[in-house]
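# Understanding the architecture of this molecule
Spelled out from the first residue to the last, the chains are:
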Amino acid sequence: MARRIPLSKLIKEDLQTARQRDPAARSNLEVALAYPGVHAIWTHRIAHAMWGAGARTPARVLSSIARSFTGIDIHPAARIGRRIFIDHGTGVVIGETTSVGEDVVIFHGVTLGGVAMVKGKRHPTIGSNVMIGAGAKILGPIKIGNNSKVGANAVVVREVPDENVAIGIPAHNQPICQKSRKADLIVDPTLHI
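Each residue is numbered by its place in its chain's sequence as written, counting from 1. Side-chain atom pairs in this predicted model are given and counted only at pLDDT of 80 or more, local residue features only at pLDDT of at least 70, and totals for whole chains, interfaces and linings cover all residues. Computation of side-chain values covers all heavy atoms of the structure but excludes hydrogens and water.

### Some thoughts on the pairing of strand β14 (residues 164-168)
With 4 of its 5 residues buried, β14 lies for the most part within the structure. Whether two strands pair comes down to DSSP finding at least two bridges between them. Only DSSP runs of H or I covering at least 4 residues are called helices, and only runs of E covering at least 2 are called strands; the numbering of each starts at the N terminus. Strand direction decides the pairing type here: β14 and strand β15 (residues 171-175), joined by 5 bridges, are antiparallel. From the neighbouring strand, Ala-166 faces β15, where its bridge partner is Asn-173. Taken together, β14 and the strand that follows it, β15, pair antiparallel across an intervening segment of 2 residues. Throughout this description, buried means an accessible area under 20% of the type-specific maximum (1.4 Å probe, protein chains only), exposed means over 50%, and partly exposed covers the range between.

Take a look at the structure:
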């Protein structure tokens with residue numbers, strides 16, 4: 001059984017993560033008061049606990065309230081790891097059976113969605129240390145490998161191996177070059193798809 005982490009520690013960690021990931025963040029107070037991605041994650045943690053305790057309708061109501069304030073729609077059943085940073089956040093949708101690892105960055109307009117209206121696993125599994133660019137759509141019960149990147153506006157419908165970058169519509173996988181590991185979504189300019 002996984003060890004529970006005190007909420008106060010998670011809150012402090014979320015503030016530190018936002019400060020580390022966003023060069024525009026000037027203080028913990030600013031992040032706590034003005035970052036909708038942080039508010040969405042905090043509210044999701046409460047809604048997820050309620051969902052797990054069987055209070056499913058109140059959990060859905062809480063997530064709906066959070067969506068109206070943040071513009072970020074996270075289903076309370078979604079599993080979200082630690083040190084997640086949702087930058088700007090407007091239009092982010094994270095579906096019910098989605099699983100997100102740790103140290104993931106998600107930009108605005110991202111959809112982690114399904115492609116079928118059936119019960120069971122129908123949303124993606126996102127590994128750890130993944131960056132998902134603005135407007136990307138990751139659809140279906142596929143896996144995005146650890147240390148991977150999904151380019152802005154990519155439409156990903158097949159698995160992405162560890163340490164790959166997925167770009168295009170539909171997205172094509174390419175190994176991450178050394179240059180792009182140092183700069184967030186910079187892709188080797190000689191890369192041809």
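Right, picking up where we left off after that structure.
### Remarks on the side chain of His-44
Mapped onto the fold, His-44 is located in helix α3 (residues 36-52). In what follows, residue pairs with any heavy atoms lying within 4.5 Å of each other are defined as contacts. Beyond its immediate chain neighbours, meaning those up to four positions away, His-44 contacts Ile-74, His-75, Pro-76, Ala-78 and Ile-80.

### Structural notes on a nonpolar patch on the surface
A contiguous nonpolar patch, built from Val-61, Ile-65 and Phe-69 and spanning about 330 Å² of accessible area, is present on the exposed surface. Relative to the helices and strands, Val-61 is located in helix α4 (residues 56-70). The class of Val-61 is partly exposed, set by a relative accessible area of 45%. Candidate patch residues must exceed 30% relative accessible area and have no salt bridge, after which like charges are joined if within 9 Å and Val, Leu, Ile, Met, Phe, Trp or Tyr side chains if within 5 Å. Per-residue and other accessible areas were derived by the Shrake-Rupley procedure at a 1.4 Å probe size, with only the shown protein chains allowed to occlude residues. The rule for a salt bridge is simple: a side-chain nitrogen of Lys or Arg has to be within 4 Å of a carboxyl oxygen of Asp or Glu.

### Structural notes on the environment of Ser-27
Looking at the secondary structure, you find Ser-27 in the loop between α1 (7-21) and α2 (28-34). With a relative accessible area of 28%, Ser-27 lands in the partly exposed category. Ser-27 sits 131 residues away from Arg-158 along the chain, and the two C-alpha atoms are 39 Å apart.

### Quick look at the packing of α3 against α4
Fitted lines through C-alpha atoms give the axes, limited to the stretch in contact for helices. The angle between two N-to-C directions lies from 0 to 180 degrees. Relative orientation of the contacting elements α3 and α4 amounts to 175°, with a least axis distance of 8 Å. Classified by the angle between their axes, α3 and α4 sit roughly antiparallel to one another. Residues Pro-36, His-39, Ala-40, Thr-43, Ile-46, Ala-47, Met-50 and Trp-51 of α3 form the contact with α4, whose own contacting residues are Arg-56, Pro-58, Ala-59, Arg-60, Leu-62, Ala-66 and Thr-70. Tallied by class, residues from the contact of α3 with α4 come to 10 nonpolar, 3 polar and 2 charged. Note on angle classes: values under 35 degrees are labelled roughly parallel, values over 145 roughly antiparallel, values of 65 to 115 roughly perpendicular, and the remainder oblique. Only Asp, Glu, Lys and Arg are considered charged, only Ala, Val, Leu, Ile, Met, Phe, Trp, Tyr, Cys and Pro nonpolar, and every remaining residue, Gly among them, polar.

### Details of the sheet that holds strand β11 (residues 143-144)
Hydrogen bonds between backbone atoms are what pair the strands of a sheet, whose relative direction is either parallel or antiparallel. An order of β2-β5-β8-β11 is seen for the 4 strands of this open sheet, with the pairing classed as parallel. Each edge of the open sheet carries a strand with a single partner, namely β2 (79-80) and β11. One ladder, built from 2 bridges, connects strand β8 (residues 125-126) with β11; its direction is parallel. Pairing of Ile-126 across the sheet is with Ile-144, part of β11.

### Side note on the nonpolar core
Ranked by internal contacts, the top residues of the largest apolar core, which has 27 residues, are Ile-106, Leu-112, Ile-126, Ile-132, Ile-138, Ile-144 and Val-156. With near-sequence residues (within four places) excluded, Ile-144 lies in contact with Thr-125, Ile-126, Gly-127, Val-130, Ile-138, Val-150, Val-156 and Val-160. For this analysis, a nonpolar core means a set of buried residues of the types Ala, Val, Leu, Ile, Met, Phe, Trp, Tyr and Cys, connected via side-chain atoms within 4.5 Å.

### Details of the side chain of Arg-82
The topology assignment puts Arg-82 in the loop between β2 and β3 (85-87). Here a polar contact is taken to be a pair of N or O atoms separated by no more than 3.5 Å, where protein atoms must pair a possible hydrogen donor with a possible acceptor and residues adjacent in sequence count only if both atoms sit in side chains. Reaching out from Arg-82, the side chain makes a polar contact with the side chain of Glu-13 at a distance of 2.5 Å. Discounting chain neighbours no more than four positions away, the residues touching Arg-82 are Ile-5, Lys-9, Leu-10, Glu-13, Gly-101, Glu-102 and Asp-103.

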